[in-house]
Amino acid sequence: MKIILETERLILREMVMDDLDEFAKMYADDDVMKFIGNGSTMSREETEQSIHVMLEKYYPKYGFGLWTTVLKSTNEVLGRCGLLYWEIEGAPETEIAYLLKRDAWGMGYGTEAARAIRDHAFKKFPAERVISLMYPDNKASENVALKNGMNFLKELEMFSTTVAMYGISREEWLAEEAGGEF
């Protein structure tokens, strides 16, 4: 298992097929999946296929992807957080994406992971901006994006619905890192 990032409480590592049971439970939960993709749950087979895609196609092609998010103190799988590549309105975009199981909501893990992922993206990859995409009524994700220094950019059509796009530029991030205001 390749560790990508560590925070005070979390380890973000590449997915492995042994994660299937935990992801299958999360992806079958209506509440967890309500604001992911088209809002539908996934079968165990679909979950297994999504892990294969990440391992065999996504990681090799982009050098990043969604990473299994583990609580350091217990080694419990909390979810999957990481970076996704999109082409939006003809432009390449790098999304900070996060999904946590219901038991892990409201504890600050999403914000902790998102900040570490943002910093990693700007330090390791050439992106001039990172974004987060969410359903407009997903207040928890909006709060994570705002705490991650992102601002609302626009609404757009994806997944056959309207999503809100938040983002932070490299320049804004550098100003924040330097302790200044942008």
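Note that the structure is predicted; figures quoted are calculated from it, not measured.

Engineer: So what exactly am I meant to see when it comes to the layout of surface pockets here?
Structural biologist: Taking a probe equal in size to a water molecule and rolling it over the atoms shows the remaining empty space. Estimated volume of the largest pocket: approximately 1200 Å³. Around the largest pocket, the lining comprises 48 residues; the ones closest to its centre are Phe35, Ile36, Arg80, Tyr98 and Leu99. Listing elements by their share of the lining of the largest pocket, those giving two or more residues are α2 (30–33), α3 (44–62), β4 (76–88), β5 (91–100), α4 (109–124), β6 (129–134) and α5 (139–147). Among the elements that take part in the lining of the largest pocket, β5 stands out by supplying 6 residues, more than any other. When the residues that make up the lining of the largest pocket are grouped by side-chain class, the tally is 31 nonpolar, 12 polar and 5 charged.

Engineer: Would you take a moment to explain the nonpolar core for this structure?
Structural biologist: Within soluble globular proteins, side chains that are nonpolar tend to cluster in buried spots. Ranked by size, the top nonpolar core spans 49 residues in total, and within it Trp67, Leu83, Ile96, Tyr98 and Ile117 carry the most contacts. Among the elements that line this core, the one with the most residues is α4, at 7 residues. With residues up to four places along the chain from it excluded, the contact list for Leu83 reads Tyr58, Phe64, Gly65, Leu66, Trp67, Thr94, Glu95, Ile96, Ile117, Ala121 and Phe125.

Engineer: Honestly, the sheet that holds strand β7 (residues 151–158) in this entry has me stumped. Any pointers?
Structural biologist: Strand pairing within a sheet occurs via backbone hydrogen bonds; the two strands may be parallel or antiparallel. Here we have 8 strands laid out as an open sheet, ordered β1-β2-β3-β4-β5-β6-β8-β7, and mixed in their pairing. Because the sheet does not close on itself, it has two edges, and the strands there are β1 (3–6) and β7. Strand after strand, the sheet turns through a mean of 30° between neighbouring axes, direction not considered. The pairing of β7 with strand β8 (residues 161–169) spans 7 bridges and is antiparallel. Within β8, the residue paired with Glu157 across the bridge is Thr162. Strands in contact with helix α1 (residues 20–27) are β3 (66–71), β4 and β5; relative to β4, the strand with the most contacts, it is inclined by about 70°. In this fold α3 packs onto β2 (10–14), β3 and β4, with an angle of close to 55° to the strand it touches most, β4.

Rules used in this analysis
- Along each chain, residue indices are assigned from 1 in the same order as the chain's sequence is written.
- Where local features are concerned, this predicted model is filtered to residues with pLDDT of at least 70; where side-chain atom pairs are given and counted, the filter is 80 or more; whole-chain, interface and lining totals use all residues.
- By convention in this description, side-chain values take in all heavy atoms of the structure and omit both hydrogens and water.
- Cavities and pockets were defined on a 1 Å grid built from protein atoms only: a cavity is a group of points that admits a 1.4 Å probe but offers it no way out, a pocket is an open group of points flanked by protein on both sides within 12 Å along at least five of seven lines, and a lining residue is one with an atom within 4 Å of any such point.
- Grid points are joined across faces, edges and corners, and a volume is the space filled by probe spheres set on the points.
- Put simply, DSSP H or I for four residues or longer makes a helix, DSSP E for two residues or longer makes a strand, and each gets a number counted from the N terminus.
- Under this grouping Gly is polar, as are all residues other than the nonpolar Ala, Val, Leu, Ile, Met, Phe, Trp, Tyr, Cys and Pro and the charged Asp, Glu, Lys and Arg.
- Throughout, nonpolar core names a set of buried Ala, Val, Leu, Ile, Met, Phe, Trp, Tyr and Cys residues whose side chains join them through atoms within 4.5 Å.
- Throughout, exposure labels follow a simple rule: accessible area from a 1.4 Å probe, protein chains only, divided by the maximum for the residue type, with under 20% read as buried, over 50% as exposed, and the rest as partly exposed.
- Contacts are assigned to residue pairs that have any heavy atoms within 4.5 Å of one another.
- Paired strands, as defined in this entry, are two strands with at least two bridges between them according to DSSP.
- To obtain each axis, a line is fitted to C-alpha atoms, and for helices this fit is confined to the stretch in contact; angles are then taken between N-to-C directions over 0 to 180 degrees.

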